[in-house]
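Listed below, chain by chain, are the residues.
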Amino acid sequence: MPQMQWSDGAPIYRQLKEKVIAMMLDGELKPGDALPSVRTVAADYQLNPITVSRAYQELVDEGLVEKRRGLGMFVTDGAARKLLDSERERFLTEEWPLVLERIQRLGLDPQELIDPASKWGRK
């Protein structure tokens, strides 16, 4: 796992979970790939193993990762599709309405957003 910076804004287990999710969405972790062991992640990032276990358990609960007894945790076959669908849904229902409201409030033309140079007649 790449280097990580922890913020005070959210619990560390949630930040770790979000990092694993980002790695799945970015294709760094593919279906069938093993996640690093709880002990490895805990040692590498100086975390309590319980913190790592909690992040991994939430991924299991969401069907993104499966436990294989004696082998570890593995990305499930449908994880990327499930994540993409849920992230798109969340964007459209939670983030996009706020962005659209801001666009309208600022009186921006959609063409300006697609091609900012068009505002000044440049291409």
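Residues numbered from 1 in each chain as written. Predicted model: local features only at pLDDT ≥ 70, side-chain atom pairs only at ≥ 80, totals over all residues. Heavy atoms only, no water.

J.: Honestly, the overall build of the chain in this entry has me stumped. Any pointers?
T.: Looking only at helices and strands, the chain features five helices and two strands. Along the chain direction, N to C, the helices and strands of the chain fall in the order α-α-α-β-β-α-α. Computed over C-alpha atoms, the radius of gyration of the chain comes to 19 Å, more than 25% over the 14 Å expected from 2.2 N^0.38 for 123 residues, which places it beyond the range of a compact globule. Its C-alpha atoms put the chain at 60 × 30 × 25 Å along the principal axes. Split into buried and exposed, the 123 residues of the chain put 23% on the buried side. (Helix = DSSP H or I, 4+ residues; strand = E, 2+ residues; numbered from the N terminus. Rg over C-alpha atoms; globule rule 2.2 N^0.38 Å. Buried < 20%, exposed > 50% of the residue type's maximum accessible area, 1.4 Å probe, protein only.)

J.: Looking at this model, I keep getting lost on the environment of Val75. Mind explaining?
T.: Relative to the assigned elements, Val75 resides in strand β2 (residues 72-75). For the pair Val75 and Gly63, spaced twelve residues apart in sequence, the C-alpha separation works out to 8.9 Å. Beyond its immediate chain neighbours, meaning those up to four positions away, Val75 contacts Met24, Leu29, Lys30, Pro31, Gly32, Asp33, Leu35, Leu64 and Val65. (Contact = heavy atoms within 4.5 Å.)

J.: Where do I start with unusual backbone geometry in this structure?
T.: Excluding glycine, residues mostly carry a negative phi; peptide bonds, for their part, are mostly trans. In the Ramachandran plot, Gln46 falls in the positive-phi region, its phi being about 50 degrees despite a non-glycine side chain. Structurally, the position occupied by Gln46 is in the loop between α2 (38-44) and α3 (49-61). Classification of Gln46 as exposed rests on a relative accessible area of 74%.

J.: How should I be thinking about the nonpolar core in this particular structure?
T.: Across soluble globular proteins, nonpolar side chains show a tendency to be buried alongside one another. By size, the foremost hydrophobic cluster in this structure holds 23 residues, and its most contacted members are Met24, Leu35, Leu59 and Leu64. Elements that contribute at least two residues to this core include exactly α1 (12-25), α2, α3, β2 and α4 (79-106). Considering every element that reaches this core, the biggest residue donor is α1, with six residues. What Leu64 contacts, discounting residues up to four positions off in sequence, is Ile21, Met24, Leu59, Phe74, Val75, Thr76, Ala79, Lys82 and Leu83. (Core = buried A, V, L, I, M, F, W, Y, C linked by side-chain atoms within 4.5 Å.)

Everything listed here is a matter of geometry and, on its own, says nothing about what the molecule does.
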